[in-house]
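Structural overview
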Amino acid sequence: MKQFKDPEFMGQFIDRCRDMRNLWEVKNPLYHNKPARKASLEKLLQFVKTQVPDADIEFVEKKIGSLRSTYRKELNKVQASMRSGAVAENVYVPSLWYYNRMQFMEDQMEARESLSTILSSLPSTPAEVSEDQLGPSILEEVEEPSWSQEDLSQDNALECGTQEDA
């Protein structure tokens, strides 16, 4: 497997992957076409076998997945550093030697839309929330019940009566 990590070989592998758009471009009409994908993987496999004789299609698919995953992690670091409002000289510089070579995949790395787990009946913005739904604010004074002496003496009498019964 060391042969695969050779920068020259790996660079050529990445370039060949870039040329086979149906392996990585989701909007490509042949992306979901299994026979076309298999044919592309077979071509890549023939190239890989020049360095790794015992490689198979599964090996090639795993290598492509590994390259994509590693690139995605580096891309996320770059984007996170840019979002944090960092000055140009503080933006994360990828340490991945083939990062620039993989930039053809950048537009394929968008996160999928997530489904909300919050009930749809809940208001989506604070403006949609009525004051009745909010409850008392921390700053508002909550009215405490006022007890008269008569109420308290009746409660004591009830407690004493139940204790005597027991």
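Remember, predicted model here, so these are calculated numbers, not experimental data.

What follows is about the overall build of the protein. Secondary structure summary: the protein contains five helices and zero strands in total. Each helix and strand of the protein, placed in order from N terminus to C terminus, yields the pattern α-α-α-α-α. Split into buried and exposed, the 166 residues of the protein put 26% on the buried side. For the protein, restricting intrachain contacts to residue pairs at least 6 apart in sequence, the fraction spanning at least 24 positions comes to 53%. Total accessible area on the protein is roughly 13,100 Å²; 51% of this is exposed by carbon and sulfur atoms.

Once that is clear, we can look at the side chain of N28. Within the secondary structure layout, N28 lies in the loop between α1 (7–19) and α2 (34–48). With near-sequence residues (within four places) excluded, N28 lies in contact with R21 and N22.

This part covers the nonpolar core. In this structure, F4, F13, L44, V48, V60, I64 and M102 are the most contacted members of the largest nonpolar core, which totals 30 residues. Counting only elements with at least two residues in this core, the list comes to α1, α2 and α3 (57–83). A total of eight residues in this core trace back to one element, the largest contributor, which is α3. If near-sequence neighbours (up to four positions away) are discounted, F4 is found in contact with F9, M10, F13, V48, V52, F59 and K63.

Per the stated rule, a full pass over the model turns up four aromatic pairs. An angle of 15° between the planes, with centres 4.8 Å apart, marks the rings of F9 and F47 as stacked. On the criterion of sequence distance, the pair formed by F9 in helix α1 and F47 in helix α2 is long-range, its members being 38 residues apart. Since its relative accessible area comes to 4%, F9 is described here as buried. Relative accessible area serves as the criterion here: at 10%, F47 is assigned to the buried category. Ring centres of W97 and Y98 lie 5.2 Å apart, and the angle between their planes is 85°; on these two criteria the pair is classed as edge-to-face.

Below, the discussion takes up the pattern of salt bridges. Evaluation of the coordinates by the stated rule reveals five salt bridges. For K77, the salt bridge is made with E74, and the minimal N-O distance between the two is 3.5 Å. Of this pair, K77 and E74 are both found in helix α3, three residues apart, which corresponds to roughly one turn of the helix. Given the relative accessible area of 41%, K77 is considered partly exposed.

All right, on to the environment of D15 then. Mapped onto the secondary structure, D15 falls in helix α1. Along the backbone, D15 and F104 are 89 residues apart, and their C-alpha atoms lie at a distance of 9.9 Å. Within the structure, the side chain of D15 is placed 3.1 Å from the side chain of R101, a separation counted as a polar contact.

As a further point, take α3. For α3, which comprises 27 residues, the first-to-last C-alpha distance of 38 Å matches the rise-based estimate of 39 Å (1.5 Å per residue) to within 8%. Within α3, burial applies to I57, F59, V60, I64, L67, R68, Y71, E74, L75, V78 and S81. Taken together, the buried residues of α3 touch α1 and α2. Positive phi shows up at G85, right after α3, with a value of about 80°.

Parameters and conventions
Just so you know, the residues in each chain are numbered from 1, in the order the chain's sequence is written. Only residues with pLDDT of at least 70 are given local features in this predicted model, and only at 80 or more are side-chain atom pairs given and counted; all residues enter the totals for whole chains, interfaces and linings. The basis for every side-chain value is the complete set of non-hydrogen atoms in the structure, without hydrogens or water. Secondary structure elements follow DSSP: runs of H or I no shorter than four residues count as helices, runs of E no shorter than two count as strands, and numbering proceeds from the N terminus. Residue exposure (1.4 Å probe, protein chains only): buried if accessible area is under 20% of the type maximum, exposed if over 50%, otherwise partly exposed. In this analysis, two residues are considered to be in contact whenever any of their non-hydrogen atoms come within 4.5 Å of each other. Here the accessible surface of atoms and residues is derived via Shrake-Rupley with a 1.4 Å probe, and residues count as covered only by protein chains that are part of the display. Throughout, nonpolar core names a set of buried Ala, Val, Leu, Ile, Met, Phe, Trp, Tyr and Cys residues whose side chains join them through atoms within 4.5 Å. Here the aromatic set is Phe, Tyr and Trp, taking the six-membered ring for Trp, and pairing holds for ring centres within 6.5 Å; pairs whose planes are under 30 degrees apart are stacked, those over 60 apart are edge-to-face, and all others are tilted. Salt bridges are defined by distance alone: a side-chain nitrogen of Lys or Arg within 4 Å of a carboxyl oxygen of Asp or Glu. Within 3.5 Å is the distance limit for a polar contact, defined as a pair of N or O atoms, with the added protein rule that one can donate a hydrogen and the other accept it, and that residues adjacent in sequence qualify only through two side-chain atoms. Each helix should span, by expectation, one fewer than its residue count multiplied by 1.5 Å.

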